[in-house]
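Here are the chains, one letter per residue:
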Amino acid sequence: MQSFILRHKPQLTIISGVLIAAGLVARFAFHSQPAYAAAFIIASIIGVLPILIQAVQALRVRVMSIDVLVSIAVFGAFLIGSWDESAIVTFLFLVGGQIERYTLNQTRSAISALTDMAPQSAAVRRADGTFETVPVDDVHVGDIVKVTTGDRIPVDGTVMSGTGLVNESAITGEPIPVDKAAGSSASAGTLLDDGMLTIRADMVGEDTTFGRIIELVENAQDSKSKEERFIDRFATYYTPAVLIIAVIVGLVTHRVDLAITMLVLGCPGALVIGVPVSNMAGIGNGARHGVLIKGSEVTHRLSSADTFVFDKTGTITVGVPQVTDVRRYDDDGTPVANDTGNGAGGAHIGSFEETKDVAVRDSSVPDASALDAGSGPAHDDVVRYLVGVESQSQHPLAKAIVRHFGDIPVPQVDQVSVVTGGGISAVHDNHRILVGSPRFLEADGIALTSSMREDASELEMQGDSLVAVAVDGSIRLLLGIRDRLRPGVAEDIARLRRLGAKTIVLLSGDNQRAVDLMTAKLGFDRAIGGLLPDEKAAVISGLRDDGHRVVFVGDGINDSPSLALADVGIAMGNGADVAIDTSDVVLADSDFSRLPHAYGLAKHTVRNMRENIAIAVGTVALLLSGLVLTTWLTMAVGMFVHEASVLAVILNGMRLLRYRTDRNHGTRHWNIRKLDAYQGQPRSVIDTVVA
């Protein structure tokens, strides 16, 4: 019977709420006091059952939990006939408990989601040279495994033969796939987008990078699940004190009614309601502003944080490569100046719209200079050739180029040949087209002029990946492609400092130069590049060991160990499901500007909780001292003050609903249509509604 009641606490909570509503309707709409009393008595009994069972279980292990406190309050209310108070106290307490349990249970799904992503089988080479598919647990160090397009690499190892394009975002967080060839290292859990590789297993199973990610998440989540709520710790000392005082008063005065009155007044609903009201108001405010907070413990830890650590790609950056620079050259290698002028180098087209204007200008009529004898195709034609070639590739850089020149008519190019690890060759209108890195074009015998090398060096110094376009042996375009900072990141980081952040750190799997270039003006105290997931987690551990209260903000699978290990993990809402599951807070729609709101809201919420606790405890002290030291404090007066304290903490908690930071004041509200999708199901659907 006990297990049945505990399993059906959500249903009991709903029934209790319905009965309370029915009782209020009976009293105020139909003026039926018997129906009102009956509804509240039944609601009290239904609501107290699971609380009483948990209280007994706690007492069996000698723990005076908050359940004991509420059970005593309900029985005391019954003895003095206050059915309404007992019903409301049990209902609100059950609602608060359900919110806590729901949010904590969601984080448990992160481990199963990670496990599902791990490779389950591998093609292992046998002595006769054939490959046999075996469970990944049967792969041993030294085995040779074959990986084909679309497969996840099952081991950490060294590429023995073949070439391929590997998506390592699960490990490094970087969105651009990496070329692999003989001698390259490969990591378990990464995805082979294109090609075929044979890999010698150097690490298998739990020893792989991916295996260590899973282990770190498990260990971090286990440590978090043992934390106790503040109100339970308070009740550990408060509840026995109230019981002892009530017994002493009863024995000394020989007045059982006085002892019961003291017991009831000493267990006010304000103490039980105050923290959940603040918590629910804070969570509700966050949801309206796109900040999904998973419970009051998270709010408390976030409020005391003094160190913020950020992943780079997809967190402070957009996470999608974009064309940032386009340099143009004539077929003899001469830089072509942009309309606005660009100095000595090739044309620099600084924006999306500007690039499109240059690309489509006079697209139907070639530039007159391009019609001279022996001249190559016009620049507009070169752009069309580029889009035609890249539209047939799935490489992220190719997709960035197609997006950038989205309005350009796409020609049907012929004889397209993808050279894995290099680029693409094609033929169109009897022109031979090569698209790839400058190194790829040089390997084909195409020389770069001094101005091209200067441009390439300049773009690389900005952290760009380079794509060169050659037509008939002459380089005509040089594109710089890189991830971009999210708008307003510098301002938001400054707001975090104003709110109380003392140390701000950036961690990235990208190279140190790219990290330094990206963060030069953002005001980070430290920016560290070239880190693997376990190395990021080690930095988090080191900061915590030094006494910092750490918040980690990330978005990828590779961020999940750090998200779980930090005091508070915050995930970008459009990031990986595993990162969202592991996190404590989710920023809806990956809007970085919501982070300062979350931090400020947590601080205000915890302050509000403490104010409510002070109101509740102060009311208890006033009532108990008045009951003992004066003769004017009757039961009616005591109950009036008691109910006033309940109303005070509710109104105080509701103030949190109006909290806003400067940047999001009066701009947007968010309608959360789905908050139950943290277990491998589609994530929250969030609609922007103009306020």
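## Quick notes on the pairing of strand S4 (residues 156–167)
Move 1: Bridge count between S4 and strand S7 (residues 191–203): 11 bridges; the pairing is antiparallel. Residue pairing across strands places glycine 157 opposite alanine 201, the latter belonging to S7.
Move 2: In this structure, S4 lies alongside strand S6 (residues 185–186), joined through 2 bridges in antiparallel fashion. Bridge pairing in S6 places glycine 157 opposite alanine 186.

## Some thoughts on the pattern of salt bridges
Move 1: Scanning the model with the defined rule gives 18 salt bridges in all.
Move 2: Ionic pairing is found between arginine 495 and aspartate 492, a salt bridge with its closest N-O pair at 2.8 Å. Linking arginine 495 with aspartate 492, this pair stays in helix H19 (residues 489–499), spanning 3 residues, or about one helical turn. Each of the two residues, arginine 495 as well as aspartate 492, counts as buried.
Move 3: Residue aspartate 591 pairs with arginine 594 through a salt bridge whose shortest N-O separation is 3.3 Å.
Move 4: Given a relative accessible area of 15%, aspartate 591 falls into the buried group.
Move 5: Each of Asp325, Arg327, Asp455 and Glu458 takes part in salt bridges that share partners, so that together they form one network.

## Quick notes on a nonpolar patch on the surface
Move 1: Where nonpolar side chains cluster on the molecular surface, the patch consists of Ile244, Val247, Ile248, Leu251 and Val252 and spans about 510 Å² of accessible area.
Move 2: Relative to the assigned elements, isoleucine 244 resides in helix H9 (residues 230–253).

## Some details on the packing of helix H15 (residues 379–390) against helix H16 (residues 396–404)
Move 1: At a minimum axis distance of 9 Å, the contact between H15 and H16 shows a crossing angle of 135 degrees. As the angle between them shows, H15 and H16 are arranged oblique. Seen from above, H15 lies across H16 with left-handed handedness. Residues Leu386, Val387 and Glu390 of H15 form the contact with H16, whose participating residues are Ala398, Ile401 and Val402.

## Focus: the nonpolar core
Move 1: Ranked by size, the top nonpolar core spans 32 residues in total, and within it Phe310, Ile570 and Leu595 carry the most contacts.
Move 2: A total of 5 residues in this core trace back to one element, the largest contributor, which is helix H24 (residues 594–629).
Move 3: One finds Tyr385, Val435, Val469 and Val471 within the second-largest nonpolar core, a separate group that totals 24 residues.

## With respect to a negative patch on the surface
Move 1: A cluster of like negative charges, contributed by Asp137, Asp138, Glu206 and Asp207, occupies part of the molecular surface.
Move 2: Tracing the backbone shows aspartate 138 in the loop between strand S2 (131–135) and strand S3 (144–148).
Move 3: Residue class for aspartate 138 comes out partly exposed when judged on its relative accessible area of 42%.

## So, the pairing of strand S15 (residues 474–482)
Move 1: Burial analysis of S15 places 8 of its 9 residues in the buried class, which makes it a mostly covered element.
Move 2: Pairing of strand S10 (residues 322–328) with S15 involves 6 bridges; the strand directions are antiparallel. Residue pairing in the sheet places arginine 328 in a bridge with leucine 477 of S15.
Move 3: Alignment of strand S14 (residues 465–471) against S15, held across 7 bridges, turns out to be antiparallel. From the neighbouring strand, valine 467 faces S15, where its bridge partner is leucine 479.
Move 4: Where S14 folds back onto S15 in an antiparallel hairpin, the turn is made up of 2 residues, including aspartate 472, whose phi is positive at roughly 55 degrees.

## Quick look at the packing of helix H2 (residues 9–28) against helix H3 (residues 33–60)
Move 1: At their nearest, the axes of H2 and H3 sit 8 Å apart, and the two run at 160 degrees to each other. In terms of orientation, H2 lies roughly antiparallel with respect to H3. For the pair H2 and H3, the crossing hand works out as left-handed. Contact residues: H2 offers Lys9, Leu12, Ile15, Ser16, Leu19, Ile20, Gly23, Leu24, Ala26 and Arg27, while H3 offers Gln33, Ala35, Tyr36, Ala39, Phe40, Ile42, Ala43, Ile46, Pro50 and Gln54.

## Quick word on the packing of aromatic side chains
Move 1: Inspection of every chain in the model, using the stated rule, returns 5 aromatic pairs.
Move 2: Between phenylalanine 310 and phenylalanine 524, the aromatic rings sit 6.0 Å apart at their centres with planes inclined by 75 degrees, giving edge-to-face as the arrangement. Here phenylalanine 310, found in strand S9 (residues 307–311), pairs with phenylalanine 524, found in the loop between helix H20 (512–519) and strand S17 (526–528); they are 214 residues apart in sequence, far enough to count as distant.
Move 3: We classify phenylalanine 310 as buried; its relative accessible area is 0%.
Move 4: We classify phenylalanine 524 as buried; its relative accessible area is 14%.
Move 5: A centroid spacing of 5.5 Å and a plane angle of 40 degrees characterise the contact between phenylalanine 310 and phenylalanine 592, whose relative ring orientation is tilted. Of the two residues, phenylalanine 310 sits in strand S9 while phenylalanine 592 sits in the loop between strand S20 (585–587) and H24, which places them 282 residues apart along the sequence.
Move 6: For phenylalanine 592, a relative accessible area of 2% translates into the label buried.
Move 7: Cluster of aromatic residues (ring-pair linked, three or more members): Phe308, Phe310, Phe524, Phe592 and Tyr599.
Move 8: Positioned above the aromatic ring of tyrosine 36, the side-chain terminus of arginine 27 is 4.8 Å from the ring centre.

## Concerning H3
Move 1: The terminal C-alpha atoms of H3 lie 39 Å apart, and with 28 residues this matches the ideal 40 Å at 1.5 Å per residue to within 8%.
Move 2: The largest bend in H3 amounts to roughly 35 degrees and is located at leucine 49, with the proline proline 50 lying one to four residues further along.
Move 3: For H3, the side-chain oxygen to backbone nitrogen distance between the N-cap and alanine 35 is 3.4 Å, and the N-cap itself is serine 32.
Move 4: Where H3 ends, the next residue or the one after it, arginine 62, has phi of about 60 degrees, a positive value.

## Thoughts on the sheet that holds strand S16 (residues 503–507)
Move 1: Strand order across the open sheet formed by 7 strands is S8-S20-S19-S18-S9-S16-S17, with mixed pairing between neighbours. Both edges of this open sheet fall to strand S8 (291–293) and S17, since each of them pairs with a single strand only. Ignoring which end each strand starts from, the neighbouring axes of this sheet average 20 degrees apart.
Move 2: Here strand S18 (residues 550–554) pairs with strand S19 (residues 568–572) via 4 bridges, running parallel. Of the residues in S19, the one forming a bridge with valine 551 is valine 568.
Move 3: The strands that helix H12 (residues 296–303) touches are S8, S18, S19 and S20; relative to S19, the one it contacts most, it runs at about 100 degrees.
Move 4: Of the strands in this sheet, S16 and S17 are in contact with H20, which crosses S17 at around 145 degrees.

## Some details on the confidence of the model for the protein
Move 1: Mean pLDDT over the protein stands at 77; residues scoring 70 or higher make up 75%.
Move 2: Mean pLDDT across the elements of the protein bottoms out in strand S22 (residues 686–690) (29) and peaks in S3 (95).
Move 3: Predicted confidence for residues 106–111 stays below pLDDT 50, and this span has 19 contacts to residues more than four positions away or in other chains.
Move 4: Segment residues 338–374: pLDDT under 50, and 66 contacts once partners within four positions in sequence are set aside and those in other chains are kept.

## Some details on helix H18 (residues 450–461)
Move 1: Spanning 12 residues, H18 covers 16 Å between terminal C-alpha atoms, matching the ideal 16 Å at 1.5 Å per step.
Move 2: The set of residues buried in H18 consists of Ser451, Met452, Asp455, Ala456 and Leu459. Buried residues along H18 cover an arc of 140 degrees about the axis, so they all sit on one side. Turned more than 90 degrees away from the buried face of H18 sit Ser450 and Glu454, all of them exposed.
Move 3: Where H18 terminates, the next one or two residues include glycine 463, which has phi positive at roughly 90 degrees.

Calculation rules
Residues numbered from 1 in each chain as written. Predicted model: local features only at pLDDT ≥ 70, side-chain atom pairs only at ≥ 80, totals over all residues. Heavy atoms only, no water. Pairing = 2+ DSSP bridges. Helix = DSSP H or I, 4+ residues; strand = E, 2+ residues; numbered from the N terminus. Salt bridge = Lys/Arg side-chain N within 4 Å of Asp/Glu carboxyl O. Buried < 20%, exposed > 50% of the residue type's maximum accessible area, 1.4 Å probe, protein only. Patch = residues over 30% accessible without salt bridge, like charges linked within 9 Å, V, L, I, M, F, W, Y side chains within 5 Å. Areas by Shrake-Rupley, 256 points an atom, 1.4 Å probe, with all protein chains shown as cover. Axes fitted to C-alpha atoms, helices over the stretch in contact; angles between N-to-C directions. Parallel < 35°, antiparallel > 145°, perpendicular 65-115°, else oblique. Left-handed = near helix turned anticlockwise from the far one by under 90°. Contact = heavy atoms within 4.5 Å. Core = buried A, V, L, I, M, F, W, Y, C linked by side-chain atoms within 4.5 Å. Lys, Arg positive; Asp, Glu negative; His and termini not counted. Charge placed at Lys NZ, Arg CZ, Asp CG, Glu CD. Phe/Tyr/Trp six-rings, centres within 6.5 Å; stacked < 30°, edge-to-face > 60°. Lys NZ or Arg CZ within 6 Å of the ring centre and 35° of its normal. Expected span 1.5 Å × (residues − 1). Bend = angle between axes of the 7 residues up to and from the residue. Polar contact = N/O pair within 3.5 Å; in protein donor to acceptor, adjacent residues only side chain to side chain. pLDDT = per-residue confidence, 0-100. Arc of directions from axis to C-beta.

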